[in-house]
Amino acid sequence: MGNPFVHVELNTTDLDKAKKFYGQLFDWKLEDVQMGPTGRYTMIKPGNEKGTGGGMLKHPDPGSPSSWLVYVEIDDVAAATRKAKALGAKVMVDVKEIPEAGTMSIIVDPTGAALGLWKSKTA
């Protein structure tokens, strides 16, 4: 399948509360990693090893409500971001490198829905 969903991410107002809730609700393995100045990031690994993994972090936009964001695997994040912008999307987070992981951007489509674009270093 071209451009599969590869990662889901919870931007939350209360990371500890979210970890407790989802850790009890689902059979997920939650693992904290330090992300430098952006703080703690919690990796989500599905309990049965099937399905898309993800992560949780404290919402980077104070005052915004908690929300889930999905990421789609892209061959060239910069080119896809430019194309999305040309098609009417707004760029919420421009193309940036995530050390030892990959490249990402976040766009908002013309209807207002946010979507992450992702290229893994291992993909």
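Refer to the preceding data block for the structure.
Please read these numbers as outputs of a predicted model, since none were measured by experiment.

### Considerations on the overall build of the chain
A tally of regular secondary structure across the chain gives two helices and eight strands. Moving toward the C terminus, one meets the helices and strands of the chain in the order β-α-β-β-β-β-α-β-β-β. Taken over the C-alpha trace, the chain has a radius of gyration of 15 Å; the compact-globule value for 123 residues is 14 Å, and the two agree within 12%. Dimensions of the chain along its principal axes, counting C-alpha atoms only, are 40 × 35 × 30 Å. In the chain, 48% of the contacts between residues at least 6 apart in sequence involve partners at least 24 apart. Carbon and sulfur atoms form 57% of the exposed surface of the chain, whose accessible area is close to 8,000 Å². Between the mean site of the 15 positive side-chain charges and the mean site of the 15 negative ones, the chain shows a separation of 2 Å.

### Things to note about the sheet that holds strand 3 (residues 40-46)
If you trace the eight strands from one edge of the open sheet to the other, you get 2-3-4-1-5-8-7-6, paired in mixed fashion. With one partner strand each, in any of the chains shown, strand 2 (28-34) and strand 6 (90-98) form the two edges of the open sheet. Strand-to-strand twist in this sheet, taken as the mean axis angle between neighbours without regard to direction, amounts to 25°. Both strand 2 and strand 3 contribute to a ladder of seven bridges, which runs antiparallel. By the bridge assignment, Glu 31 is partnered in strand 3 with Met 43.

### Some details on the pattern of salt bridges
In total, this model carries five salt bridges according to the counting rule given. A salt bridge links Lys 19 to Asp 32; its shortest N-O distance comes to 2.8 Å. With Lys 19 in helix 1 (residues 15-25) and Asp 32 in strand 2, the pair connects residues that are 13 residues apart, well separated along the chain. You can call Asp 32 partly exposed: its relative accessible area is 34%. Residue Lys 121 is joined to Glu 97 by a salt bridge in which the shortest nitrogen-to-oxygen separation is 3.2 Å.

### Focus: the side chain of Ser 120
Relative to the helices and strands, Ser 120 is located in strand 8 (residues 114-120). Here Ser 120 falls in the buried class, since its relative accessible area comes to 15%. Setting aside anything within four residues of it in sequence, one finds Ser 120 in contact with Glu 73, Ala 101 and Gly 102.

What counts, and where the lines are drawn
Every residue gets a number counted from 1 within its own chain, in the order that chain's sequence is written. pLDDT decides what is reported in this predicted model: residues at 70 or higher carry local features, side-chain atom pairs at 80 or more are listed and counted, and totals for whole chains, interfaces and linings draw on all residues regardless. Water and hydrogen atoms play no part in the side-chain values, which are based on all heavy atoms of the structure. A helix here means a DSSP run of H or I that spans at least four residues, while a strand means a run of E at least two residues long, and both kinds are numbered starting from the N terminus. Note on method: radius of gyration uses C-alpha positions; expected globular size equals 2.2 Å times residues raised to 0.38. By the convention used here, residues are in contact when the closest approach between their heavy atoms is within 4.5 Å. Areas reported as accessible are Shrake-Rupley estimates using a 1.4 Å probe. Residue values count occlusion only from the protein chains shown. Neither His nor the chain ends contribute to the count of charged residues, in which Lys and Arg are positive and Asp and Glu negative. All charge positions are set by atom: Lys at NZ, Arg at CZ, Asp at CG, Glu at CD. At least two DSSP bridges between two strands are required for those strands to pair. An axis is simply a line fitted to the C-alpha atoms; with a helix, the fit covers only the stretch in contact. Between two such axes, the angle follows the N-to-C directions and lies from 0 to 180 degrees. Definition used for salt bridges: Asp or Glu carboxyl oxygen within 4 Å of a side-chain nitrogen of Lys or Arg. In this scheme, a residue with accessible area under 20% of its type's maximum is buried, one over 50% is exposed, and one in between is partly exposed, where area comes from a 1.4 Å probe on protein chains only.

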